[in-house]
Amino acid sequence: VQLKSGSSQVHQLEQWYIDKLLSDLSKRFSQYGIFIVSTPETNLVYEKAVDSLSNVSLFNGTLKEVCDMVLCSSGFIGIDSAWRLLSYAKRRPTITLSKDCQGYDQLPFSHRLRWMPFRGTNFGLHHSTYDIINLFEKMLDQDLGRLYMTLPELAFVNGDVNNVIVNRKVSLDLTQSL
């Protein structure tokens, strides 16, 4: 997890949201260790969460150590930073929070082409923690995780995704020209 940058003021989450997201992640993933990529400059932002949540820890490492940790992690949730690219490269569940995202995966086309080509995994700053964690959890699933990484919007389908895929109803409007 990386929710604050010490070098960029662009993608800034408010303290209340950082605390809520970390608390919600800690509850949902209580069996996992949650590591926060931090620096001495940003440690204070996470102090409350680290002190009150037993499975949340700060990680202040060298560039190589942080790269190794992200590459070996089960997944990554963070602001629009370079760390997400490492996680994507290893085909790990990766969710990005960005000021350029106006709603779930709603990005300007030019921004998507340059910075966020990974469809369906982008959320605006302060988006519902429930949606973010729901998608992330489904992407971590042993059986269907790859499906959700390929078609992340299926995480928001009501009902059983197996039933939606197998019993899909397709209708064509042949009165419209292509």
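Refer to the structure printed above.
What counts and what doesn't
- Residues numbered from 1 in each chain as written.
- Predicted model: local features only at pLDDT ≥ 70, side-chain atom pairs only at ≥ 80, totals over all residues.
- Heavy atoms only, no water.
- Salt bridge = Lys/Arg side-chain N within 4 Å of Asp/Glu carboxyl O.
- Helix = DSSP H or I, 4+ residues; strand = E, 2+ residues; numbered from the N terminus.
- Buried < 20%, exposed > 50% of the residue type's maximum accessible area, 1.4 Å probe, protein only.
- Pairing = 2+ DSSP bridges.
- Right-handed = clockwise from strand over helix to strand, strands pointing away.
- Core = buried A, V, L, I, M, F, W, Y, C linked by side-chain atoms within 4.5 Å.
- Phe/Tyr/Trp six-rings, centres within 6.5 Å; stacked < 30°, edge-to-face > 60°.
- Axes fitted to C-alpha atoms, helices over the stretch in contact; angles between N-to-C directions.
- Contact = heavy atoms within 4.5 Å.

1. Here's the deal with the pattern of salt bridges
Note on pairing: side chains with opposite charge can pair once their charged atoms come close.
So, step 1. Scanning all chains against the criterion turns up seven salt bridges.
So, step 2. Residue Arg28 is joined to Glu137 by a salt bridge in which the shortest nitrogen-to-oxygen separation is 2.5 Å. With Arg28 in helix H1 (residues 15-28) and Glu137 in helix H6 (residues 129-140), the pair connects residues that are 109 residues apart, well separated along the chain.
So, step 3. The class of Arg28 is partly exposed, set by a relative accessible area of 27%.
So, step 4. Note that Asp100 and Lys99 form a salt bridge whose closest N and O atoms lie 3.1 Å from each other.
So, step 5. Owing to a relative accessible area of 17%, Asp100 belongs among the buried residues under this scheme.

2. Thoughts on the pairing of strand E4 (residues 94-98)
So, step 1. Here E4 lies mainly inside the structure; five of its five residues are buried.
So, step 2. Here strand E3 (residues 76-79) runs beside E4; their pairing, made up of four bridges, is parallel. Bridged to Gly78 within E4 is Thr96.
So, step 3. Handedness of the β-α-β unit built from E3, helix H4 (residues 83-89) and E4 comes out right-handed.
So, step 4. One ladder, built from three bridges, connects E4 with strand E5 (residues 122-124); its direction is parallel. In the strand pairing of E5, Thr96 is matched with Asn122.

3. What to know about the nonpolar core
So, step 1. In terms of nonpolar packing, the biggest core is built from 30 residues, with Leu3, Leu21, Leu22, Leu25, Ile95 and Leu97 touching the most fellow members.
So, step 2. Contributing elements (two or more residues each) for this core: H1, strand E1 (34-37), helix H2 (43-52), E3, E4 and H6.
So, step 3. Core analysis: the second largest hydrophobic core is formed by six residues, Val37, Val66, Val70 and Trp83 among them.

4. Brief notes about the environment of Arg146
So, step 1. With respect to the helices and strands, Arg146 occurs in helix H7 (residues 145-150).
So, step 2. Under the relative-accessibility criterion, Arg146 is labelled partly exposed at 43%.
So, step 3. Placed 55 residues apart in sequence, Arg146 and Arg91 show a C-alpha to C-alpha distance of 9.0 Å.

5. Re the packing of aromatic side chains
So, step 1. For the coordinates displayed, the defined rule picks out six aromatic pairs.
So, step 2. Taking 5.6 Å as the distance between ring centres and 90° as the angle between the ring planes, the aromatic pair formed by Trp16 and Tyr17 counts as edge-to-face.
So, step 3. Residue classification places Tyr17 among the buried positions, given a relative accessible area of 1%.
So, step 4. An angle of 85° between the planes, with centres 5.8 Å apart, marks the rings of Phe29 and Phe136 as edge-to-face. Taken together, the residues Phe29 in the loop between H1 and E1 and Phe136 in helix H6 connect sequence positions 107 residues apart.
So, step 5. With relative accessibility at 5%, the residue Phe29 sits in the buried group.

6. A look at the sheet that holds E4
So, step 1. Taken together, the three strands give an open sheet; going across it, the order is E3-E4-E5, and neighbouring strands pair in parallel fashion. At either end of the open sheet lies a strand with only one pairing partner, and these are E3 and E5. Put simply, the sheet's adjacent strands are angled 20° from each other on average, direction ignored.
So, step 2. This element, H6, spans E3, E4 and E5 of the sheet and lies at about 160° to E4.

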